[in-house]
Every structure is written in C-alpha cells, then in structure tokens.
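Residue-level listing of the chains:
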Amino acid sequence: MNYIGIDIGSTASKVCILKEGEAPMFKVLPTGWNSKITAGIIREELEKLEGGLSACKTIATGYGRISVEYADSVVTEITCHGRGGYEMIGRDCTIIDIGGQDTKYIDVKGGRTVDFLMNDKCAAGTGKFIEVMANRLGLTIDELFDLARHGNPLPISSLCTVFAESEVINYMGEGREREDIAAGVIDSVALKVATLVQRKALQDTVIVTGGLSGNEFFASVLSGKLGRTVIPMPDGRYAGAYGAALIAKERDR
Amino acid sequence: MADNQKMWGDLGMNLEMHDQLCAVLPGAIGDVFMSQENRPEHMDYFDMVLADVHGLRPAELVEFREKGGKVFGTFCAYVPDEVIIAAGGIATGLCAGSQFWVPGGERYLPANTCPLIKAMLGARFDRTCPFYRLADIYIGETTCDGKKKAYEILGTDVPMHVMDLPQMKRPKDLKKWAEEIKDLLAIAEDLTGNKVTPEKLAEKIKVINAKRAALQRLYDLRKNEKAPISGTDTLLISQIAYYDDPERFTKMVNILCDELDQRVADGVDVAPGAKRILLSGTPMAIPNWKMHNIVETSGAVVVCEETCTGTRYFENQVDESGETLDDMIQNIADRYMGINCACFTPNEGRFDDVIRLAKEYKVDGVIDINLKFCQTYDIEGYTLEQRLNEAGIKVLGIETDYTDSDASQIKTRVEAFVETLA
C-alpha cells in the first residue's frame, strides 16, 4: 500500500508518497489557477505508481483540499503540518508555518496538534508579502533574500501589505539602497510573525515549515525577534503533505 | 405576498431595495436550515415565522397600531420588556444581523464600527426593514460607545430614548438601574396613555418569566449527551424570541420541548459523533447564522450559546414576590443587572458563567466569537481564554463579520479545532 499526502496550498501543491520501509518521496508543483486541474495532474502521477490509485490511501489537505475528489479523506493543513513537522524534527515542538496566504502557530505534543493560531485574513507576515515586495523591487524571492543579508533593515511598520508597499515605494523614491529595503522587508515579516506567535507559549524547540522553511537567513532573523533559536527545516515545505501521508497510514491500521 | 407589498409600501419602505433582500432569503433558509437532517417537527412554527419574517409579525404590529397601540423598538437584552408590555405596548427587537444593511450604515459611521451597529443604521435609513418603520420609539442603552454615538444619529430620524446602563455592579449601580427602569416606565405610560398598576406589572413579570423558563427548558434539553436539536435551529428560536408575541412564543417553545422530551426518551441524536461546542461572545442577530452553520458542518454541534441570543437573554428570573411598583422595579433591575456583558468592569461573572456552562453542557470545547470591532468582547477574550485554559477547557477565538469572505478560512480553523478535540 502507498500512503499519499496531497497538500494543495495557495501557491504550491506538495505531494508526499510514503511506501512501507522507504524514505518519503516529495514532489512539488505550482497550484496554478485551478486546484481541480492541479489535483488531476497529481492523479495522473499517482496512477503511474505500482498498483495505481487503488493501491493508494490518500489524504488531501491545504486550502484546495476539497478539490482532490479522489482522496479518501480530508484533514486540515493545521493538523497535517503538526504531524509532519513533528516527524521531521522528532520531538515535541512549536511549528511556525509561513504559507503563501497565511501564517500559523502550531503547538505539537506527541505528534498531535494541541493548540494553534492563524493570522487574520491578512497578507502581513506571509509569503505573499515577500512576493509583493520582491516584485516591487524587481527581484526574485531568492534575490531579495541574497540582498537582504547584506543590508541594514529600514523600518517598514505598516501592518497592511498595500500600505507597506507604499512605504517601500517611498524608500525607493528617496533613493535608499536596495539591500537596506530588502532587509527591511524580511525584518518586517519576521517581526509580524513573532508578534503573532508570541500571543502563545513557545516550546523549547521551534521549527519553521512552509515556503520559507529552508531559509537559514530568515530563521536567524526570526530567532532574533523571538529570543530563541528557530530551526529551519530543509524539507519543511512538505510538512503538510508528509503529515497527511502519515495520518493516512495511521488511519489504515 | 401581494398584501405584504402593499403593507411595506404603506410603511414608506424602499420596495425595490427591499425586494433584493427578500430574494436572497429563501436560498439562505434552504442552505442553512432545510439542509439539516432529522429536524424536530415543531420547528415548523419557527420556520414559518422566518419564511415570512417581514410579513407575519409586522402585519400584527400594523393592526395593533391601527387600534392605537404603541410599538417600542429595542436593541439589547438589558431592556426589560416587562415594563413596556405592562403599559400595554409591544416590545420588538430591532435586529441588525445582515450584511445587506452594512453599506447603508457605512454612509454614516466610521469603517471601524461593528457590523451590528452599521446594520442598525442601514436598516433604518435605507428603509428596508418593516420593524424599523413600525416602532413608534426606539429604546437604546449605553452598552458600548459605538451604539451610544449611533443612537444620536438614529435620533435625528425617529424618537429615541437611551437608558443609561451602569458599567459597574455596585449596590448604587443597581439602584441607578432601577431609576432608569422607572424612567422607561414613565415614558411607556406617557406614550401609550396607560397607567401601569402593580397588578399589571406583576402579571407581565410572570409572562416574561414564563418565556425565560421556556427557553431554559429548551436549553436544558440540549444538555443531553444525544443532541435532540441542532444549535442552528436553537439559534433561530433565540432570535425570534426578540420580536415574537411573548405568550404565543412561550407556548410554541413549550410544544417544541414536549417533542424534544420524547426525542430524548427515544435517544434521537441530530449529530451523532459530533463534538460538543459552546459558543461564547457577541450576539448573533437574525439572519446571522454564519458561525453555527460553519461549526455544524465541520463535525461539531453547538449545544449552548453564552451570548445575548443565548443564555444571557434568559438565565435568571425576576423575583415575583414584589408587591409595590418600587419593589417590582428593583426586582426587575436586579435580574437584568445579573446579565454579564463585556461592557461591565470588572466582569468576573462572565468568566464564571462560561466555565459553568461548559461543564453543565459537557462541551468538548469553546469557540469564542467576536464581531469585528467589538472592542469590549475582543479585549475580554484574552482573559476568557486564560481562564478556560486554567480550567482545562479548549478554546478557539474567532473574529468575524457578516460577510462570507472569510467563511472558508474560518471553516479551516474550526475543522482544525475539532481535529484537536478528537
């Protein structure tokens, strides 16, 4: 039996294939404009596996989870990230998941999500914020991070992405250094994430999952804001899909 | 329905705009209520009232006014209906639970005002609610700054009396609230031309006590492990409580409860396997069924509401032993000041209430709802969450408004919360 986790996020769709006795396999593809089409592409891939779809137990998660019509069940991304993140680090932890359209705090004990918090209907402190600012500066996200490492952060205080963009435009108009603006953008995201998660108690182990999970620079900036070490997870973007696959496996017993 | 159109026209309503509101109601009723399985038969009365919400009761109010009767529009669980009906008036809630009225209110109010207050002004000034047209006077209360200021604007278009609700609960505040109720009684006497006698007030105290007792009976039935009725259906009943004829309403709730007694005996469960949820927080005025609908389609069932459209409306009775008008008024004041609204400081009683209700109704978790920009409940949510954590009760805080724009995000959170309760 293959255990499949499919995480249809707002920006990227992640798939985890779990076979008995093997390391998990991860795949990623852009979600695009139609989650159903994306789910169909994934289905074609799964049918190529030995035994086809009928040899798969599948759990869908992420905001597009209802579009995966062939899934055996759906579980929210919060529970899945908790399960997957726990498996990746191997101990109780606080997970900070930075997604394309939201940021989550997830408190995990024994692999189970015991508490969580999400930001409120706003792009502040999410991947979308970084994307918007990178576009404004004419950079890719990777380039933005590369520049930010060498800059002195300029303050970007607005909580609203649209207004924050105006602040960036002002800095551009003043002729400020691009690396300083880039550093300001990253600093601002980290500050907003820290403000959100500090409403709750943090465990000794804090990890980052989601699109920025492998980014050591971001983890170090966030560590500074939280006053404790935040561990970047290289495969952290797959935490949701991995968790879904693990739950599929557990439910099969 | 043709008669309704004539009535609405005579009431000076904006018919074209009101038709838009009427057009969406059947679909909403179908999605929220009729889609539920295994509903009690005697929900039929409440379904009927809802289906013709702007027709049935308004027609009664029109008839009442044609005979010289006076209608008092109210907005809050603190306004004592006993006094109004003792003077021969009718008290009707002026609900403000639809996004439909919000843009109308935004013409007058700052963007960061709660949707309830915006809808209140929109319903009045857009002329799209018959109840707002039928009230001869509005009775407001100082339960928040937003309402206080909005009443000043409403008062430019309709006679308005604002009751000064104290914000603390010391003995002198209870006395002051009794004075405010005495003022309301004088205003009601003046407007209706009827004298309130001790006999009359004693009789009406019993009428409203009976109404509260019926609602308490309904809620007690929800304490059963097997839910005999959904939270969505119960919410509708609580909403109708604000504007239906009190004696008929009491009778209908009791008839429903007889059926629910039988359901409990038969072991009927409208939500087998669902997690039991207590909703606490801000009021849900008709037709705001958003949170109940989300929760009850996410593997959970709402078994109690600690809201103004829930326990805050009916818990505790007015002592019926008063003999003089003054005694009765003080007894009324004492009962209403027992309501624990976030406009009071300190408000320890509310934390105790939520924890007590969570235990009484054997809930798996609490969802604390805050209507966007309701500052008092929002700030109080922090302490409430701490108290619940200390008591070992899981809680999820949700801030929302009347729009559907955040429905899928909220559904994700509620589903995740339910998963943590598994």
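Above: the structure in question.
Residues numbered from 1 in each chain as written. Chains lettered and ligands numbered in written order. Predicted model: local features only at pLDDT ≥ 70, side-chain atom pairs only at ≥ 80, totals over all residues.

## Structural notes on the overall build of chain B
Here is step 1 of the chain: Helix and strand counts for chain B come out as 19 helices and 8 strands.
Here is step 2 of the chain: Relative to the 2.2 N^0.38 estimate, which gives 22 Å for 422 residues, the radius of gyration of chain B is 21 Å and therefore close to what a compact globule would have.
Here is step 3 of the chain: For chain B, the proportion of its 422 residues judged to be buried stands at 54%.
Here is step 4 of the chain: Sequence-distant contacts, at least 24 apart, represent 74% of the contacts inside chain B between residues at least 6 apart. (Helix = DSSP H or I, 4+ residues; strand = E, 2+ residues; numbered from the N terminus. Rg over C-alpha atoms; globule rule 2.2 N^0.38 Å. Buried ≥ 20, exposed ≤ 12 C-beta atoms within 10 Å, placed from the backbone. Contact = placed C-beta atoms within 7 Å.)

## What about helix H2 (residues 77-89) of chain A?
Quick reminder: α-helices carry 3.6 residues per turn. Residues three or four places apart thus point the same way.
All names here are of chain A.
Here is step 1 of the chain: Look at H2: 18 Å from first C-alpha to last across 13 residues, which is about the 18 Å you get at 1.5 Å a residue.
Here is step 2 of the chain: With 11 of 13 residues buried, H2 lies mostly within the body of the structure.
Here is step 3 of the chain: Within H2, burial applies to Glu77, Ile78, Thr79, Cys80, His81, Gly82, Arg83, Gly84, Gly85, Tyr86 and Met88.
Here is step 4 of the chain: Downstream of H2 by one or two residues, glycine 90 has phi in the positive range, about 80°. (Expected span 1.5 Å × (residues − 1).)

## Notes on helix H10 (residues 171-192) of chain B
Residue and element names in this part refer to chain B.
Here is step 1 of the chain: Its 22 residues place the ends of H10 32 Å apart at the C-alpha level, agreeing with the 32 Å of an ideal helix rising 1.5 Å per residue.
Here is step 2 of the chain: Taken as a whole, H10 has its buried residues at Trp177, Ala178, Glu180, Ile181, Leu184, Leu185, Ile187, Ala188 and Thr192.
Here is step 3 of the chain: Of the surrounding secondary structure, the elements contacted by the buried residues of H10 are helix H5 (81-86), strand E3 (137-141), strand E4 (160-163) and helix H16 (325-336).
Here is step 4 of the chain: Looking one or two residues past H10, glycine 193 carries a phi angle of roughly 75°, positive in sign.

## Let's talk about the interface of chain A and chain B
Here is step 1 of the chain: Chain A puts 10 residues into the contact, and the matching count from chain B is 9 residues.
Here is step 2 of the chain: Of all the elements in the fold, those that place two or more residues in the side of chain A that touches chain B are H2 and strand E8 (112-118) of chain A.
Here is step 3 of the chain: Here the side of chain A that touches chain B takes 4 residues from E8 of chain A, the largest share from any one element.
Here is step 4 of the chain: Class assignment for the residues of the side of chain A that touches chain B results in 5 nonpolar, 3 polar and 2 charged. (Nonpolar A, V, L, I, M, F, W, Y, C, P; charged D, E, K, R; others polar.)

## So, the pairing of strand E5 (residues 275-281) of chain B
Residues and elements named next belong to chain B.
Here is step 1 of the chain: For E5, a buried count of 7 out of 7 residues is recorded, marking the element as mostly surrounded by other parts of the structure.
Here is step 2 of the chain: Residue alternation in E5 divides its side chains into two sets, Lys275, Ile277, Leu279 and Gly281 and Arg276, Leu278 and Ser280, and both sets are buried.
Here is step 3 of the chain: Inspection of the sheet shows E5 paired to strand E6 (residues 300-306) by 6 bridges, in the parallel sense. Counted as the bridge partner of arginine 276 is valine 301 from E6.
Here is step 4 of the chain: Each parallel crossover has a hand, and the one from E5 via helix H14 (residues 290-296) to E6 is right-handed.
Here is step 5 of the chain: As paired elements, E5 and strand E7 (residues 365-371) share 5 bridges and run parallel to each other. For leucine 278, the partnering residue across the bridge sits in E7 and is valine 366. (Pairing = 2+ DSSP bridges. Right-handed = clockwise from strand over helix to strand, strands pointing away.)

## Let's talk about the sheet that holds strand E8 (residues 395-400) of chain B
Residue and element names in this part refer to chain B.
Here is step 1 of the chain: Taken in spatial order, the 4 strands line up as E6-E5-E7-E8 in an open sheet, and their pairing is parallel. With one partner strand each, in any of the chains shown, E6 and E8 form the two edges of the open sheet. Averaged over neighbouring strand pairs, the angle between their axes works out to 30° when direction is ignored.
Here is step 2 of the chain: Of the strands in this sheet, E5, E7 and E8 touch helix H18 (residues 375-390), which is tilted by about 170° from E7. (Axes fitted to C-alpha atoms, helices over the stretch in contact; angles between N-to-C directions.)

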